[in-house]
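Structural overview for review
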Amino acid sequence: MSEREIVLAFEGVSAAAGSRQILRGVTLALHAGEILTLAGPNGAGKTTLFRVASRVLRPTAGSLSLLGRPLAAYSRRELAQVLAVVPQDAPIAFPFRVAEVVLMGRSPHLGALGFETRADIERARDAMRRTGIEALADRSLLELSGGERQLVLLARALAQDPRVLLLDEPTAHLDLRHRVRVAALVRELVREGRSALVVSHDLGLAARSGDRIALLRDGELRVLGSPREVLTPANLRAVFDVDSEILEASDGALQVVPKLS
């Protein structure tokens, strides 16, 4: 892993919301062909790290680089060509059709006139196929359930054809079948050469589908390593304040079972 290309790097990154300090000197690197999961209690700074990485929020200290280039040097269009964000939800009030929303992912790649080509339309269709939402293409986004909307946002990101994916709780609103499907799809995308930084509270899914896990608490990076290195009773007690048992499934994947006090 250490020899892989670093595609997204945080160097001593701090960030604040008003007078409240949220991130404190986080140094972290996402490698090419890797799924890196961010986990931690509520308020640990996970989503704030995403907002800094997508330039929604400016860091108060430290620096970020994307594909070896300072993040601040990218234009908005350039950034959108290589990095896509899948939020937990997006406030879309207009009744766009699903196909229209997915096709919006092609916007950073359109020519000067802003017209989609047949290739753009085919890429959007492929994104809907891979996320299993082809049947929703003509539905209004306002008619969909939370889980269906989440799949639409993922399809839009796929249509964007990024090198790096930032996924904030991508399985939060999904049923068990779709959670497994999305996890498998993210793994497939990484095998194709992309990288994914994923916020998740599902440590079992992170252990099964991710390469490394970073545990944050109080805006600081506390633990970083492989699932087997990170998911220990001592680490989970220190970060989440819970006692837990770590079990091993028949396929070797770890399962975290919290103990009820």
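To be clear, the structure that these remarks concern was listed above.
Let me begin by describing the structure that accompanies this report. Keep in mind that what you see is a predicted model, and the values were worked out from it rather than measured. In this numbering scheme, every chain counts its residues from 1 along its sequence in written order. In view of the model being predicted, local features appear only for residues whose pLDDT reaches at least 70, and side-chain atom pairs are presented and counted only at 80 or more, with totals across whole chains, interfaces and linings using the full set of residues. Computation of side-chain values: all heavy atoms of the structure, hydrogens and water removed.

A word on the environment of His178. Helix numbering and strand numbering both begin at the N terminus, where a helix is a DSSP run of H or I of at least 4 residues and a strand a DSSP run of E of at least 2. Along the chain, the position of His178 falls in helix H6 (residues 176-191). Counting along the chain gives 152 residues from His178 to Val26, while the straight-line C-alpha distance between them is 32 Å.

Before going further, it helps to examine the packing of helix H4 (residues 118-131) against H6. Think of each axis as a best-fit line through the C-alpha atoms, taken over the contacting stretch in the case of a helix, with angles from 0 to 180 degrees between the N-to-C directions. Contact geometry for H4 and H6: axes closest at 10 Å, N-to-C directions at 130°. Put simply, H4 runs oblique to H6. Here H4 contributes Arg129, Arg130 and Thr131 to the contact with H6, which in turn contributes Arg181, Leu185, Glu188 and Leu189. Orientation is classified from the angle alone, with under 35 degrees giving roughly parallel, over 145 giving roughly antiparallel, 65 to 115 giving roughly perpendicular, and any other angle giving oblique. Contacts: residue pairs with any heavy atoms within 4.5 Å of one another.

What follows concerns empty space enclosed by the protein. Cavities and pockets were defined on a 1 Å grid built from protein atoms only: a cavity is a group of points that admits a 1.4 Å probe but offers it no way out, a pocket is an open group of points flanked by protein on both sides within 12 Å along at least five of seven lines, and a lining residue is one with an atom within 4 Å of any such point. Grid points are joined across faces, edges and corners, and a volume is the space filled by probe spheres set on the points. Scanning the model with the defined rule gives one cavity of 30 Å³ or more in all. Taken together, 15 residues make up the lining of the largest cavity; nearest its centre are Pro170, Ala183, Val198, Leu205 and Ser209. Only Asp, Glu, Lys and Arg are considered charged, only Ala, Val, Leu, Ile, Met, Phe, Trp, Tyr, Cys and Pro nonpolar, and every remaining residue, Gly among them, polar. Among the residues making up the lining of the largest cavity, the classes are represented as nine nonpolar, four polar and two charged.

Before going further, it helps to examine the pairing of strand S4 (residues 61-66). Pairing analysis gives five bridges linking strand S1 (residues 6-17) to S4, with the strands arranged antiparallel. When the sheet's bridge partners are listed, Leu8 is paired in S4 with Leu66. The sheet contact formed by S4 and strand S5 (residues 69-70) spans two bridges and is antiparallel. Bridging across to S5, Leu66 finds its partner in Arg69. Hairpin connection, S4 to S5: the antiparallel pair is bridged by two residues, and Leu67 has positive phi, about 55°. Pairing between strands is defined by DSSP: at least two bridges between them are needed.

With that out of the way, let us pick up the sheet that holds strand S10 (residues 220-225). The strand order S6-S7-S8-S3-S9-S10 describes an open sheet built from six strands, whose pairing is mixed. Both outer strands of the open sheet, strand S6 (83-86) and S10, are each paired with one neighbouring strand and no more. The average angle at which neighbouring strand axes cross in this sheet is 15°, direction not considered. Pairing of S6 with strand S7 (residues 164-168), which is carried by four bridges, proceeds in the parallel orientation. The residue bridging Val85 from the neighbouring strand is Leu166, located in S7. On top of the sheet, helix H9 (residues 233-240) reaches strand S3 (35-39), strand S9 (212-217) and S10; it is set at about 35° to S9, its chief contact.

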